[in-house]
Amino acid sequence: MGKPNDLVQGTLDLLILRTLANQPKHGWAIAKRIQQISKEVLQVQQGSLYPALHRLEQQGWITAKWAESETGRQAKFYRLTSHGRKQLERETANWKRLSGAINLVVSEA
Amino acid sequence: MSWFQKLRIQLATLRRSKADSELDAELRFHLDQEAAENLAAGMNAEEARRAAIRSFGNLGAIREETRSTWSWTSVEIFLRDVGAGLRSLSRSPGFTVAAILVIALGLGGNIAIFAVIRSVLLKPLPFHDPSRLIVLYQGQQRDHEVNLPIDAGSFWDWQRAVNGSADLALVAPTGQYGLSTRGGELPEMIDAGCVSWNFFHLLGVQPALGRTFSQAEDSPGAPATVILMDSLWRRRFNADPAVIGSQIWLNARPYTIIGVMPHWFQYEGKMSGGRIQIWVPIQHESAASLMHTYEDHEFSALGRLAPGITAASVYNRLATVQGQIKAAHPGPAVRDSVVGHSLLDDAVSGYRTPLLTIFGASGCILLIACLNVGSLFVARTAARRKELALRTALGAGRMRLLRERLLESFLLSIGGGLLGVFLASAAISWLVHARRDMNRVDSIHIDPVVAVFAAAAVVVCALLSGLISAWSTRSRSLLAPLQESSRGNSAGQLRTALRRTLLAAQVGLTVVLLVCAGLLLKSYLRLRATELGISSDNVLTMQFNLPGVRYDKPVQKAAFMEDLLRGVRAVPGVETAGLVTTAPGQGWGGDFLMSIPDHPPGPNASGLDFLVRAADPGYFAAAGIPILRGRTFASRERLDHADVVLISQDAANRYFPNEDPLGKHLRIDYLGMVVEIIGVVGDTRWTVSQPDHPTFYMPIFSNNLSAATLLVRSRRNVEALSVPIQRLINALDRDLPVVNVETLRETIGRSTLGSEFNSLLVLGFAVIALVLAAAGIYGVLAYLVTQRTNELGVRIALGAQRAQILRLTLLDGLRPALLGLIAGLAGSAPVAKLIRSLLYGIEPYDSTVFLSVMTVLLAVAALACTIPAWRASRLDPLQALRME
């Protein structure tokens, strides 16, 4: 288990937005952060990460800027926009509702 | 591939390739980062890289998938749509060219006329705080007359009365001076403005050189001073700044030049022709008696309102003052009311109605053009209905189709607008040449405000023509063409009905334009056909003014005039010649109030208004004015023996009803002189558009008269005489300027210029409208016939007569034209009333004009219908049925 593809659709978006909530990051850092926080449970596939990042950028939830990374190389840093912040709140609320409901079903039934 | 498409693709490719390389860089960074981590975890370099690539997966697939999320930006979508629109328009070049031309005509006319209206009617005058400037005239309530010149006596009373709430300056912009310089240059007659010393200060204008008048210079005893206008300074003095302080000779007296006005300065009012070349102080120039009388009206007043004071309050105050003046001086020549305008109104009020009429006409053309283009769009939509239906079926949204339509109409309107601006600037430069007589005509050009107007007109035009056709495609009917069987389709009904309505509206507007054009043209023709009271063929006139310095005794003046007449009559080709102060058709020329001492006191005995003329004994024969009763002046009735006058037929009828005026007397109130009537002559007009006015003639070799018009009649080609006659005058007095050398025909042409201009312009618009309407009728009917080919084929096959088919189609086409005609005639009535002030000699509801318009319109409509109707009646049924 642990492949994001197996997750409920749209969850990757939520994870990316949540990861970017505190500070701008480049793609690699986002993947690493998700992996680290989820204690290696969630492995973000690059094959989904970059299309997702570009889609979120098109939707205006995140913006990108080239800047110097910690190793001194140019990297593309993504940052949450105010639209993105609202979207994050919506998706977080959604997720809590959904996961709570699933929890209820799993534990009661 | 068009240049536009190439550009668009290049732009997109550029953007894409940049994004591509950025994506590559981004992915590479990720790989390197991953490899670096693997390296840190203890792998060797090669292993670290491979592991990174492995964990990454299929690089090509990731790249593809990422790319697919990129959408077109709105700019790219817009450019793509514009490209599609251009392609679609270029596929039907006939439609595109026709639509652009029609829109260009409509927009061009509107932009040009708006530029004129903006520059002439709307733009503030170039003076300091021009909205506070007013012009004052007097009125005579008894005769319902307004805007009459004022007398200086009233002016001083006014100035005292409104002191503190308005400053007033006295203006007489009508003087004429003979200018000569010491250098032996040609003498010439120039227009002068006589003004009180505060005039320039009141306008807020500084001279370009020198200074304006001081109060001391505006008095009878002061040394003579003059201010030059820029044009005279450049023309006669080579723009030499050293002229300040030097002298010029006006009417053979020396004047010191104290200032030169800036080149833009122009004072244009009702009383001035805008041709003033010098300014002189009024009290220095005018007789003291003129400066204090209430009975001689030669001036107007310019005023500047103090801050916070309204014009109405000043007018009210002055009305009271004028009432008091009238009460104190009840003489018939004293005026009883005051009329005021803003300075701008004073300069342009005469052009307001004509310009707004022409603007209305050009607006109609624009509307007709939009209707026409809209109708063409509807037809185009009809032709493309299968394509549209298919696209709708494939998921094209209604908004998307509407957007496309509007984009097309915007493209056409922009094309039309660009062409229209060219047309407009050509029209403006023509107009500036054609209407030299119009005040402020030099200020006309396309400025930013006009450009904004043009842009707005383009938008309105695009929306109007685009939305008309968009309205014709209801979403419900969009899919209908796909369901239509090949026979008996009726989905075009809605569109046809819409086109018929548009056509009727267009015909209606055309009728209104035709009626206006007809009325104006008939007025103009009436005006041109009006006789001045004498035959105007082969008559040459020229004016001169004998300077009082050189001709200071009456006998000298009379001698010059007699010598001149003798000489002119001897010039080969001259048939007759005469002298008069003002020739027929050449202006008001001044009036006197007279009394008839032979009549018992009453309204028929005093305060009778006569135009003043002085003539030589041979003038009546030379001009062709018939002596109806009595005789002309005898040769001894000159100088001190000149107490005789002739009066016009109109004066005899009006002031001597049922009695013989011969032997009766007239008292000239202003001069206190009594004269005897010795003859009655035919009526002449002082200007072509105004009715006869009672006139009297006194001998010109008397009364110290110095200004005269020489009138020469010839059998043919009178223009050729102007040079020998001027040479003759030059031989008599080489310093005497001769002015206004023109034939009587030219005089009439000048005074009917406005009427000619208005009527021809509106006629031009009406003809354009008629052509567009004819094209519209033809287009709709031709479309209808094509649509009904099938049905008509069946009818003919079943035995319908050709004549029946012809009648059927003809009526089909004529119906909207008839509807439009009725609506147009109904709409013309109020419009005709609006332009009443531009008409001459006809009523707004002139039956000939209305009938001619009906005939012309029906004839044109029938002609436009004939071709498609005839084609319908010639249909081969077999072919028609096979056509599907």
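What you are looking at is a predicted structure, and each value in this text was computed from that prediction instead of being measured.

(A) Quick look at the overall build of chain A. Tallying secondary structure elements over chain A gives four helices and three strands in all. What you see in chain A, going N to C, is helices and strands ordered as α-β-α-α-β-β-α. Partitioning the intrachain contacts of chain A with sequence separation of at least 6 by distance along the chain shows that 51% fall at a separation of at least 24.

(B) Representation of the overall build of chain B. Of the regular secondary structure elements, chain B holds 28 helices and 23 strands. Here the C-alpha radius of gyration of chain B, 39 Å, is well above what a compact globule of 884 residues would show, namely 29 Å. For chain B, the C-alpha atoms occupy an extent of roughly 130 × 95 × 60 Å along the three principal directions. Out of the 884 residues in chain B, the part that is buried amounts to 39%. Taking the intrachain contacts of chain B between residues at least 6 apart in sequence as the baseline, contacts between residues at least 24 apart amount to 83%.

(C) Highlighting the sheet that holds strand β2 (residues 62-68) of chain A. All names here are of chain A. Taking strand neighbours across the sheet as the criterion, the three strands line up as β1-β3-β2 in an open arrangement whose pairing is antiparallel. Every other strand in the sheet has two partners, leaving β1 (25-26) and β2 as the edge strands with one partner each. Summarising the sheet, β1 and strand β3 (residues 74-80) pair through two bridges and their orientation is antiparallel. Opposite His-26, over in β3, you have Phe-77 as the bridge partner.

(D) Here's a closer look at the interface of chain A and chain B. Every contact between the two is made by 14 residues of chain A and, on the other side, 15 residues of chain B. Contributions of two or more residues to the side of chain A that touches chain B are made by α2 (27-37), α3 (46-59) and β3 of chain A. With seven residues, α3(A) is the single largest residue contributor to the side of chain A that touches chain B. Here the residues of the side of chain A that touches chain B sort into four nonpolar, seven polar and three charged.

(E) Main features of the nonpolar core. Among the nonpolar cores identified, the biggest contains 212 residues, and Ala301(B), Leu513(B), Cys516(B) and Ala769(B) are the most heavily contacted of them. Examining the composition of this core, we find that 20 residues originate from one element, helix α12 (residues 343-383) of chain B, more than from any other. If near-sequence neighbours (up to four positions away) are discounted, Cys516(B) is found in contact with Ala361(B), Val762(B), Val831(B), Ala832(B) and Ile835(B). Ile16(A), Leu17(A), Ile34(A) and Leu56(A) belong to the second largest nonpolar core, which has 24 residues in total.

(F) Fine view of helix α26 (residues 802-834) of chain B. All names here are of chain B. Across its 33 residues, α26 extends 48 Å between first and last C-alpha, which sits within 8% of the 48 Å expected from 1.5 Å per residue. For α26, the principal kink sits at Leu-814 and spans about 30°; a proline, Pro-816, occurs within the next four residues. Buried within α26 we find Ile-805, Thr-809, Leu-810, Asp-812, Gly-813, Pro-816, Ala-817, Gly-820, Leu-821, Gly-824, Ser-828 and Ala-832.

(G) Representation of the environment of Val243(B) in the model. For Val243(B), the position within the fold is in the loop between α8 (230-237) and β8 (247-250). Sequence-wise, Val243(B) and Arg49(B) are 194 residues apart; in three dimensions their C-alpha atoms are separated by 94 Å.

(H) Expanded view of the pairing of strand β2 (residues 145-148) of chain B. All names here are of chain B. When strand β1 (residues 133-140) meets β2, the two strands line up antiparallel, connected through two bridges. Residue pairing for β2: Gln-140 is matched across the bridge by Glu-145. Hairpin connection from β1 to β2: four residues lie between these consecutive antiparallel strands, with His-144 at a positive phi of about 55°.

(I) Structural detail: the packing of helix α24 (residues 753-787) of chain B against α26(B). All names here are of chain B. It is at 10 Å that the axes of α24 and α26 come closest, and there the two elements cross at 140°. The angle between the axes of α24 and α26 places the two elements in the oblique class. The two elements α24 and α26 cross, and the hand of that crossing is right-handed. In this structure, α24 contributes Ile-777, Leu-781, Leu-784 and Val-785 to the contact, and α26 contributes Thr-809, Asp-812, Gly-813 and Ala-817. Here the residues of the contact of α24 with α26 are counted per class, giving five nonpolar, two polar and one charged.

(J) Structural view of unusual backbone geometry. All names here are of chain B. Notably, Asn-147 is not glycine yet its phi reads approximately 55°, a positive angle. Tracing the backbone shows Asn-147 in strand β2. A count of 15 C-beta atoms within 10 Å places Asn-147 in the partly exposed class.

(K) Focus on the domain arrangement of chain B. Entries for chain B in the domain assignment read domain 1 (23-70), domain 2 (130-348), domain 3 (350-528 + 753-882) and domain 4 (551-734). Distance between the C-alpha centres of domain 1 of chain B and domain 3 of chain B: 68 Å.

(L) Here's a closer look at the confidence of the model for chain A. Averaged over every residue, the pLDDT of chain A is 83; residues scoring 70 or more account for 90%. For residues 1-6 of chain A, every residue scores under 50 in pLDDT, and the model assigns this stretch 14 contacts once sequence neighbours within four places are set aside.

(M) View of the pairing of strand β20 (residues 673-681) of chain B. Residues and elements named next belong to chain B. Summarising the sheet, strand β17 (residues 627-630) and β20 pair through three bridges and their orientation is antiparallel. The partner of Gly-630 across the bridge, within β20, is Gly-679. Bridge analysis of strand β18 (residues 644-648) against β20 gives five bridges, and the strand direction is parallel. Looking across to β20, one finds that Ile-647 is bridged to Val-680.

(N) View of the confidence of the model for chain B. Residues and elements named next belong to chain B. Per-residue confidence for chain B gives a mean pLDDT of 85, with 94% of residues at or over 70. Per-element averaging of pLDDT across chain B places helix α16 (residues 475-478) at the bottom with 55 and strand β7 (residues 225-228) at the top with 94. Considering only residues more than four positions removed or in separate chains, one finds that residues 485-491, a stretch of pLDDT under 50, has seven contacts. With pTM at 0.72, the complex prediction returns an ipTM value of 0.84.

What counts, and at which threshold
- Residues numbered from 1 in each chain as written.
- Chains lettered and ligands numbered in written order.
- Predicted model: local features only at pLDDT ≥ 70, side-chain atom pairs only at ≥ 80, totals over all residues.
- Helix = DSSP H or I, 4+ residues; strand = E, 2+ residues; numbered from the N terminus.
- Contact = placed C-beta atoms within 7 Å.
- Rg over C-alpha atoms; globule rule 2.2 N^0.38 Å.
- Buried ≥ 20, exposed ≤ 12 C-beta atoms within 10 Å, placed from the backbone.
- Pairing = 2+ DSSP bridges.
- Nonpolar A, V, L, I, M, F, W, Y, C, P; charged D, E, K, R; others polar.
- Core = buried A, V, L, I, M, F, W, Y, C linked by C-beta atoms within 7 Å.
- Expected span 1.5 Å × (residues − 1).
- Bend = angle between axes of the 7 residues up to and from the residue.
- Axes fitted to C-alpha atoms, helices over the stretch in contact; angles between N-to-C directions.
- Parallel < 35°, antiparallel > 145°, perpendicular 65-115°, else oblique.
- Left-handed = near helix turned anticlockwise from the far one by under 90°.
- Domains from an automatic or database assignment.
- pLDDT = per-residue confidence, 0-100.

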